Amino acid sequence: MSMDVISVIRTKRDRGALAPEQIDWVIDAYTRGEVADEQMSALAMAILLNGMSRAEIARWTGAMIASGERMDFSTLRRHTADKHSTGGVGDKITLPLAPLVAACGAAVPQLSGRGLGHTGGTLDKLESIPGWRASLSNSEMLGVLADTGAVVCAAGDGLAPADKKLYALRDVTGTVESIPLIASSIMSKKIAEGTGSLVLDVKTGSGAFMKSIEDARELASTMVELGNDHGVRTRALLTDMSTPLGLTVGNALEVRESVEVLAGGGPADVVELTLALATEMLAAAGLPDADPAKALADGSAMDHWRRMIAAQGGDPGAELPTAREKQPVMVPASGILTRLDAYAVGLAAWRLGAGRARKEDPVQAGAGIELHAKPGDPVTAGRPLMTLYSDTPQTFAYALEALAGSYDIAPQGTEFAVSPIVLERVPG
Ligand code: URA
């Protein structure tokens, strides 16, 4: 079949189904530069508006995987298990989770990203540890994984290059929010990465990509099907992102909280979600009898964390950076905190310098927000509700603007049920 990009765009514009050959051709031609950015933008917009069937999404994902290399961990002779979160505010779960699952016997190859917009990135968080290095060659990655059982690093350029190009294009053309494009983007990288099993943490609520549970469900089931069709044992949890996870938002602040979890403490919601995801990962990896709660309590997860950080040049004992300035936000009236909006807190932390507006911007390691109460907690007028941290105090006013109207306090004695963290499970 001879191909031309205009007929591919017209097919989707007119609500038709793309033929498998059209999909293979357009992804390959775009990766090679034969299809121009403006043509791919038109196609991405047509997909956003008119959708794709599960068969089209599967083919699109396969074509993106085929655009680059596929990693292979079979020499490790250990079950491999990975986790992907669709992103949220205060979502530091990868930090305690990767060494925890390694301590329970699986190998965790975790390719992670940087933050963009109001959600943070795992690599930015780990880079606040003095000396820690995110970029590893494929052989270094395999070496760290073999030695320590877990590696968290940046994806190399060879992995799903079609997605790298297309994601950057979607970011500037208003075409990120399409379930077929998000599902194929995430899964092409995870499948190419070569993990044997995968657990997806699909977040829903104000701080998430997917604001509604219906959309989160659709995204999760699409990705679970894609993974299993490609031989990766995949399952998903739908989890709450209406309020930040834990009590810290910001790079070094989140590392500190993660270390508390590994030391057997930390906020209850972070511990609960870490254990829920570890249990799913170990079961998907064929290790259903492993006991992650024990590995947290007996210090073996902490040992794996120290080895994992040191293997990438980091000093796990080093003091973490702190921001130069801080400002408390006071509780206006005593009562029960009934709402604390994740998006507003994420936006405020970003404005304080914890996140970036463009990919090439630097982030402040010490910037962010420490929460002193979570929904359901009693609060007292005149005491701090949260503390803002930044090296650039001129950003405090701008962060406070983001926080206006972001929380509710009900009178003491009001009945209030805290939302569960894990909302639903999508089995593989
Ligand atoms: N994360 C990705 O990797 N791709 C998307 O499309 C959205 C989030």
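Our subject is the structure listed above.
So, a few notes on the structure that sits alongside this text.

## Description of the pairing of strand E8 (residues 335-340)
Okay, so step 1: When E8 meets strand E10 (residues 378-379), the two strands line up antiparallel, connected through 2 bridges. Residue isoleucine 336 lies in a different strand from E10, and its bridge partner there is proline 378.

## Some words on the packing of aromatic side chains
Okay, so step 1: Summed over all chains, the structure comprises 0 aromatic pairs.
Okay, so step 2: A cation over a ring is seen here: lysine 165 above tyrosine 30, with NZ or CZ 4.4 Å from the ring centre.
Okay, so step 3: Taking NZ or CZ as reference, arginine 351 lies 4.0 Å from the ring centre of tyrosine 398, over its face.

## A short note on the packing of helix H7 (residues 138-148) against helix H14 (residues 300-311)
Okay, so step 1: Packing of H7 against H14 leaves a shortest axis separation of 10 Å and a crossing angle of 155 degrees. The pairing of H7 with H14 is recorded here as roughly antiparallel in orientation. Relative to H14, H7 is oriented so that their crossing is right-handed. Residues Val144, Asp147 and Thr148 of H7 pack against His304, Arg307, Met308 and Ala311 of H14.
Okay, so step 2: Looking at side-chain class alone, the contact of H7 with H14 contains 3 nonpolar, 2 polar and 2 charged residues.

## Details of the nonpolar core
As a rule of thumb, soluble globular proteins bury nonpolar side chains together.
Okay, so step 1: Ranked by size, the top nonpolar core spans 69 residues in total, and within it Trp305, Ile369, Met386 and Leu388 carry the most contacts.
Okay, so step 2: If you tally residues by element for this core, the top one is helix H15 (residues 342-354), at 7 residues.
Okay, so step 3: Taken domain by domain, the makeup of this core includes at least three residues from each of domain 2 (81-311) and domain 3 (325-410).
Okay, so step 4: Leaving out residues up to four positions away in the same chain, leucine 388 has contacts with Glu325, Lys326, Gln327, Val329, Leu352, Gly368, Ile369, Phe396, Ala399, Leu400 and Leu403.
Okay, so step 5: Counting 58 residues, the second largest nonpolar core, distinct from the first, contains Ile9, Val144, Ile179 and Met187.

Reading the values: rules and limits
Residues numbered from 1 in each chain as written. Predicted model: local features only at pLDDT ≥ 70, side-chain atom pairs only at ≥ 80, totals over all residues. Heavy atoms only, no water. Pairing = 2+ DSSP bridges. Helix = DSSP H or I, 4+ residues; strand = E, 2+ residues; numbered from the N terminus. Phe/Tyr/Trp six-rings, centres within 6.5 Å; stacked < 30°, edge-to-face > 60°. Lys NZ or Arg CZ within 6 Å of the ring centre and 35° of its normal. Axes fitted to C-alpha atoms, helices over the stretch in contact; angles between N-to-C directions. Parallel < 35°, antiparallel > 145°, perpendicular 65-115°, else oblique. Left-handed = near helix turned anticlockwise from the far one by under 90°. Contact = heavy atoms within 4.5 Å. Nonpolar A, V, L, I, M, F, W, Y, C, P; charged D, E, K, R; others polar. Core = buried A, V, L, I, M, F, W, Y, C linked by side-chain atoms within 4.5 Å. Buried < 20%, exposed > 50% of the residue type's maximum accessible area, 1.4 Å probe, protein only. Domains from an automatic or database assignment.

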